[in-house]
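Examining the three-dimensional arrangement
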Amino acid sequence: MALPQPLRTSVSPQELELIASEQLVEILPLITMEKTAFISGAYGPLRPPAKCRIPLWMAVNLKVKKKCHIIPPDWLNVEFLQERLSRETSYPEFSQMPFRFAEIAKAILDAAPDDVQNAEKVRSLLKDLREARQAKSREGLAKLDHSELSLPNLCSMEINELRPFFIHAMGVLTQLSREEQNGAAEEP
Amino acid sequence: MDNDYFSIDAILAENQKIQCTFKVDVPEVGHLGGGNDRDIKAPAKLPIPMWLAYIILLSEWADLTIPAPFGPRVRNALKADPRSVRLSALVGAGGLWYGFGKMIMDILDDEQANIMSDVLTKAFRGRLTEVIDQAQHFATLGTLGVAGSAVDAAQSFREGLDGTERELFALAQESSKRTKRWYENHDKARQGTRR
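It should be emphasised that the depicted structure is a prediction, and the values quoted were computed from it without experimental measurement.

Regarding the pattern of salt bridges
Counted under the stated rule, the structure contains 18 salt bridges over all chains. In this structure, the salt-bridge partner of Glu131 of chain A is Lys127 of chain A, at a minimum N-O distance of 3.2 Å. Of the two residues, Glu131 of chain A and Lys127 of chain A are both situated in helix H6 (residues 119–142); the distance of 4 residues between them amounts to about one turn of the helix. Glu131 of chain A sits in the partly exposed class, given a relative accessible area of 42%. Classification of Lys127 of chain A by relative accessible area gives partly exposed; the value is 47%. Here Glu165 of chain B ties to Arg127 of chain B by a salt bridge, and the two come within 2.8 Å at their closest N and O atoms.

Description of the sheet that holds strand S1 (residues 24–29) of chain A
All names here are of chain A. On the basis of which strands lie adjacent, the open sheet formed by 3 strands has the order S4-S1-S5 and antiparallel pairing. The strands lining the two open edges of the sheet, one partner per strand, are strand S4 (52–55) and strand S5 (68–71). For this sheet, the mean angle separating the axes of adjacent strands, direction not counted, is 45°.

Points about the packing of aromatic side chains
Scanning all chains against the criterion turns up 8 aromatic pairs over all chains. On the basis of an interplanar angle of 65° and a centroid distance of 5.5 Å, the ring pair of Phe70 of chain B and Phe100 of chain B is categorised as edge-to-face. Residue Phe70 of chain B is located in the loop between strand S3 (62–64) and helix H3 (72–80), and its partner Phe100 of chain B is located in helix H5 (residues 97–107); the two are separated by 30 residues in the primary sequence. Ring geometry for Tyr98 of chain B versus Phe124 of chain B: centroids 5.3 Å apart, planes at 85°, classification edge-to-face. With Tyr98 of chain B in helix H5 and Phe124 of chain B in helix H6 (residues 110–141), the pair connects residues that are 26 residues apart, well separated along the chain. Residue classification places Tyr98 of chain B among the buried residues on the basis of a relative accessible area of 0%. One aromatic cluster in this structure is built from Phe70, Trp97, Tyr98, Phe100 and Phe124 of chain B. Here the basic side chain of Lys106 of chain A rests over the ring of Trp182 of chain B, its NZ or CZ set 4.9 Å away from the ring centre.

Reading guide: rules and limits
Residues numbered from 1 in each chain as written. Chains lettered and ligands numbered in written order. Predicted model: local features only at pLDDT ≥ 70, side-chain atom pairs only at ≥ 80, totals over all residues. Heavy atoms only, no water. Salt bridge = Lys/Arg side-chain N within 4 Å of Asp/Glu carboxyl O. Helix = DSSP H or I, 4+ residues; strand = E, 2+ residues; numbered from the N terminus. Buried < 20%, exposed > 50% of the residue type's maximum accessible area, 1.4 Å probe, protein only. Pairing = 2+ DSSP bridges. Axes fitted to C-alpha atoms, helices over the stretch in contact; angles between N-to-C directions. Phe/Tyr/Trp six-rings, centres within 6.5 Å; stacked < 30°, edge-to-face > 60°. Lys NZ or Arg CZ within 6 Å of the ring centre and 35° of its normal.

Here it is, written out as structure tokens:
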């Protein structure tokens, strides 16, 4: 199968968003719905005003049609993100963030900015967080070695962005430093 | 850049010539030197392409001198500041300095090869950060640069990239561009049908 070159080495961001959309979020439904079977599982019943957990793709879909309110997950608010940002800037390691936070945050902020408190501030905090982590991954690059590189707590989008470059660079380094095992047999 | 028979990178890297000093007389192959001689007399120095040099050295007909792109001048320049050396000037645009170096390294004996490997890896690592910085910066601008004097240093670095580094640059730029585009895309049209 002929994939275009960029897709051969990594996944596209839209695909990651799709995968992240499987995660369950809480909503406040505005309509009633019986327990319905979908391919990934059965969700519902939706009985306003009781909260319900459904997958993100469904929540976004309902929200766009104005049939629910999305309740942001516990980490998507100003206090939590602020605390993580200050931790990110004070320590050299990456701070713990939910693995797919970038995709989930973007989906919710795009579809339901009115459901998130202080959406603008949250957006700017997320951007700062992303830039701080990018700076750290650049420093990590300087320590690139042909055998291993461990960057704990990196999240899905960040890994995807760095993957093709890092793998190729490590491959080159492996070939350049393969000397130790190889050793030429001929020549004085 | 590997020893794969079919690797295009390896074939291109092998096309560089190296100086060999012949130790024995070899009749009837004087045309290798490009001159009019019929024979090669020892000690004659001839530039031989890598793919041929391998066998000649293996059969102990000649000795190898480390070619100019890896000579002491280049090594000192790399030690001083790896990012200021223009690798593409040493092997021609589109050439593979690292690939070439690796082939030489395979032929040399252990001690010299260790030194070569050290030089190559340090140079690669030193330039790598600069490559990714520029790639991410240019993710938004595409391949056209912006005019400005501060950009000239960056531009001359980009022109001095060797083939392997160019591939890495393209990879990093491509993935940065896609991620950035995704972050800035706030199009809600695909999120649900409108009824």
